[in-house]
Amino acid sequence: MSRQTPVLLDCDPGIDDALAIAYLAAEHRAGRIALQGVVATAGNVGIDDTVRNALAWIDLAGAGVEVPVAAGAAGATVVPHAFTPETHGPRGAGHAVLPEREEGTATRALDARSGARLWVDLARAHPGKLVAVVTGPSSTLATALDLEPALPRLLSRLVVMGGTFRGHLGNTTPVSEWNVDVDPESADAVCLAWEAARAADPAVAPAWWCGLNLTERSVWTPERSDRLLAQAASADGRAARLARHLVDALRFYFEFHDSVGEGYLAQVHDPLVAWLALHPEAAVTEPVHLRVECAGEHTRGMTVEDRRGHRGRPANAALVVDLSVSGGPDAVLDEVMAALADPG
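Here's what I pulled together on the structure shown here.

### Here's the deal with the overall build of the protein
Scanning the protein from terminus to terminus reveals 13 helices and eleven strands. Oriented by its inertia axes, the alpha-carbon framework of the protein measures out at about 55 × 45 × 40 Å. Residues counted as buried form 58% of the 344 residues belonging to the protein. Of the contacts formed within the protein by residues at least 6 apart in sequence, a portion of 80% connects residues at least 24 apart. Carbon together with sulfur atoms contributes 52% to the accessible area of the protein, which is approximately 12,900 Å² in total. Here the protein holds 28 positive side-chain charges and 44 negative ones, and the gap between their average locations is 6 Å.

Next comes the structure, spelled out in C-alpha cells:
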C-alpha cells in the first residue's frame, strides 16, 4: 500500500486495539501509509478511557501530531452499554500504566470534531481513496452514516472486526461476537447502508467483515512478548518504551484468556484486521448478504450471512475467511512486530 493511501482507524482501546494503533502509527511513521485520523469509540471501557487510551497509545507509538484523535460514540445506540473490565482491565489497558497527559504539556489535543464528523470529513476529503478500519463497536460509524448516507460510495474500502461466521462459536453469547453484540443495531445499520449503496451502484465495494472464525487464529504468546522486547531494545528508546507498555497490557490479556480456559495466551483480533486493511491482496473473501439479528431472545447479536441467495439481495459484505500468505496469522504478527520495532 502506497504512502498516498489515507487510512482511518475507529477503535475502542482495549488491549488488542493498542496493537492496531501502534502498528498503523508505525506504518504512517515509516511513510508506507497516511494515517489520517483515529476515532475512539466507547467499547471495552467508557468513552473517557477509550479517548485517554487512544491518545496515550498513539503518542507512545510516535505518530506525529498531524494525526487527529476524536471522541466517538459514548455508548450503544439502543440498549445500555456493557463494558468488559474483566477482559481488558478497569481502564482498558490491562496492567500497563499509561503516561498521564498533564495540562499544558500535552503534544496532542483531542480534536474538536466528533468522531462521526471526522469520519465524514475524511471521506469527503479523500473520495474513493480512504481505507477505514473498525476494530470496536460500529456505533460511531452508524452515526456517521446518518450524517453522510453517501459514505459507502466515498470510501475505498471498509474493513470491520466483527461477527462470527461459518458456524464458528461466539465469544459473548453462543452465537455472537462482542463488537457486534454490544451494539447490534449499529452493526446492522452498516449492513443496510452497504446494501442500499450497492443496489444503487454495484461498483461500490462490499464491506469486509473479519469474524472470530478468522481472528481467533491470531494468537499472541509470552514468547512473542519476549521477542518484541528484544527487538525493540535493539531499535531505539521510543520503540522500547512502547514495547514495555504493550507487554504489560498483554499480560492482563493472557490472564483473562487463561481464566476462561483458552490457555496463557491472547487472541489479538485487531492487529490482524489492521494488517489486512493494508494488504488486501492477502485476503481470501466470500461474497454474502449480511444482516445482524437485533431482536431474537437467544440470537440477538448474531451475524447472519446469506451465501445461497435466499433473500434475493445483492452481496453487501465480503467475509474474509482466510489468508493467502504463507504462515498465516503467525506470519502477519511477525510483520506487525517488525513494524513496531522499526525506528521509522
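That covers the picture; the talk isn't over yet.
### Describing the state of the cysteines
Under the criterion given, the structure shown has zero disulfides. Cys191 takes part in no disulfide bond, and the closest cysteine sulfur, belonging to Cys294, lies 9.0 Å away. The exposure class of Cys191 is buried, given its relative accessible area of 2%. We classify Cys294 as partly exposed; its relative accessible area is 23%.

### Structural notes on the pattern of salt bridges
By the definition in use, this model includes 17 salt bridges. A salt bridge links Arg113 to Asp121; its shortest N-O distance comes to 3.2 Å. Among the residues examined, Arg113 registers a relative accessible area of 30% and is labelled partly exposed. Given the relative accessible area of 25%, Asp121 is considered partly exposed. Linked through salt bridges whose partners overlap, the residues forming this network are Asp111, Arg113, Arg117 and Asp121.

### Digging into unusual backbone geometry
Along the chain, Pro13 connects to Gly14 via a cis peptide bond; the corresponding omega equals -5°. In this fold, Gly14 is placed in the loop between β1 (6-11) and α1 (15-29). A positive phi angle, close to 55°, is found at Arg166, a residue other than glycine. When you line up the elements, Arg166 lands in the loop between β5 (155-161) and α7 (178-181).

### Focus: the sheet that holds strand β10 (residues 303-306)
Taken together, nine strands build an open sheet; the order of strands is β3-β2-β1-β4-β5-β6-β11-β9-β10 and the sheet is mixed. On the outer flanks of this sheet lie β3 (69-71) and β10, each paired with one strand and no other. Each strand axis lies, on average, 30° off the axis of its neighbour in the sheet, ignoring direction. Two strands pair when backbone bridges link them, and β1 and strand β2 (residues 34-40) are joined in this way by six bridges, in the parallel orientation. Each bridged residue has a counterpart across the sheet, and for Val7 the counterpart in β2 is Leu35.

Criteria and cut-off values
- Residues numbered from 1 in each chain as written.
- Predicted model: local features only at pLDDT ≥ 70, side-chain atom pairs only at ≥ 80, totals over all residues.
- Heavy atoms only, no water.
- Helix = DSSP H or I, 4+ residues; strand = E, 2+ residues; numbered from the N terminus.
- Buried < 20%, exposed > 50% of the residue type's maximum accessible area, 1.4 Å probe, protein only.
- Contact = heavy atoms within 4.5 Å.
- Areas by Shrake-Rupley, 256 points an atom, 1.4 Å probe, with all protein chains shown as cover.
- Lys, Arg positive; Asp, Glu negative; His and termini not counted.
- Charge placed at Lys NZ, Arg CZ, Asp CG, Glu CD.
- Disulfide = S-S within 2.5 Å.
- Salt bridge = Lys/Arg side-chain N within 4 Å of Asp/Glu carboxyl O.
- Pairing = 2+ DSSP bridges.
- Axes fitted to C-alpha atoms, helices over the stretch in contact; angles between N-to-C directions.

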